[in-house]
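# Descriptive structure summary
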Amino acid sequence: LKETGREAIVIPEPYEAKERNPSIGDLLYWYGHISNSCDIERLMPHLDREKLLILTNPEWTMERHNKIMNQPLIVVIPTGKSMAKSENRMVEAIRQGKYVCAEYLPAYEPFSQFFPLYDIPSHIEWALNNEAEALYKIHQAQAYIRDRYSPATIAKQWMGAINGFDHLS
């Protein structure tokens with residue numbers, strides 16, 4: 001209301017991926033639009049480049065992405081200058097059973113109870129040195145998103161918004 005003079009409703013995106021069993025490994029994975037590659041490039045001096053997989057356009061396809069996600073790995077999500085991004089990449093990585101090392105975004109705040117939003121290289125080291133706890137955190141995060149981000153839940157929120165009744169109850 002303060003910024004636009006209008007009340008807004010924020011409805012998250014539903015997940016698309018099937019829920020997979022959690023796994024973790026020392027392979028690191030960044031995926032995203034090439035315009036955001038500067039975010040991962042900023043971290044490269046602090047990461048093991050031989051263990052870093054990057055998938056971006058024009059090479060990105062859902063088939064390639066899913067093939068990579070079948071491997072035990074950690075998803076790395078550095079954030080850039082824009083704080084107005086959705087939690088979609090976080091949610092999708094969790095659905096696919098991956099541990100997520102991300103920097104702060106407002107949309108990621110609810111997930112900080114599972115994955116601290118701080119220095120990615122230190123977080124990777126913690127996850128690899130505490131594998132059992134990291135796998136447990138993935139399980140917890142999957143339970144957290146299972147209903148909250150389901151297509152049925154999000155559809156109800158959209159119907160509530162369209163029909164003008166409280167979609168949050």
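Quick note: structure is the one above.
Values in this document were obtained by computation on a predicted structure and should not be read as measured data.

Let's shift gears to the pattern of salt bridges. For the structure on display, the rule yields four salt bridges. For the salt bridge of E103 with R42, the shortest nitrogen-to-oxygen distance reads 2.7 Å. Of this pair, E103 sits in the loop between β4 (99-102) and α4 (120-129) while R42 sits in helix α1 (residues 37-43); the two residues are 61 residues apart in sequence, bridging distant segments of the chain. According to the relative accessible area criterion, R42 is partly exposed, its value standing at 40%.

Side chains of W158, M159 and I162 sit close together on the surface and give an oily, nonpolar patch of about 350 Å² of accessible area. Structurally, M159 can be placed in helix α6 (residues 151-163).

Turning our eyes to something else, we now look at the packing of aromatic side chains. Counted under the stated rule, the structure contains seven aromatic pairs. For the pair F111 and Y149, a centre-to-centre distance of 6.1 Å together with 35° between the ring planes defines the contact as tilted. Separated by 38 residues along the polypeptide, F111 in the loop between β4 and α4 and Y149 in the loop between α5 (131-148) and α6 bring together distant segments of the chain. On the basis of relative accessible area, Y149 is assigned to the buried category, the value being 8%. Among the aromatic residues, those joined into a cluster by ring pairs are Y99, F111, F114, F115, W126, Y144 and Y149. The lysine or arginine in question, R89, covers the ring of Y31, its NZ or CZ lying 5.2 Å from the ring centre. Against the face of Y15 rests R95, its NZ or CZ located 3.6 Å from the ring centre.

Attention now moves to α6. The terminal C-alpha atoms of α6, which comprises 13 residues, lie 18 Å apart, in line with the 18 Å expected from a rise of 1.5 Å per residue. Every buried residue of α6 is listed here: I154, Q157 and G160. The buried residues of α6 occupy an angular sector of 115° when the element is viewed end-on, so they sit on one face. Relative to its buried face, α6 has exposed residues pointing more than 90 degrees away, namely K156 and I162. Looking at the buried side of α6, the elements it contacts are α5. Remark: G164 follows α6 within two positions and exhibits a positive phi of approximately 80°.

The rules we used
Residues numbered from 1 in each chain as written. Predicted model: local features only at pLDDT ≥ 70, side-chain atom pairs only at ≥ 80, totals over all residues. Heavy atoms only, no water. Salt bridge = Lys/Arg side-chain N within 4 Å of Asp/Glu carboxyl O. Helix = DSSP H or I, 4+ residues; strand = E, 2+ residues; numbered from the N terminus. Buried < 20%, exposed > 50% of the residue type's maximum accessible area, 1.4 Å probe, protein only. Patch = residues over 30% accessible without salt bridge, like charges linked within 9 Å, V, L, I, M, F, W, Y side chains within 5 Å. Areas by Shrake-Rupley, 256 points an atom, 1.4 Å probe, with all protein chains shown as cover. Phe/Tyr/Trp six-rings, centres within 6.5 Å; stacked < 30°, edge-to-face > 60°. Lys NZ or Arg CZ within 6 Å of the ring centre and 35° of its normal. Expected span 1.5 Å × (residues − 1). Arc of directions from axis to C-beta. Contact = heavy atoms within 4.5 Å.

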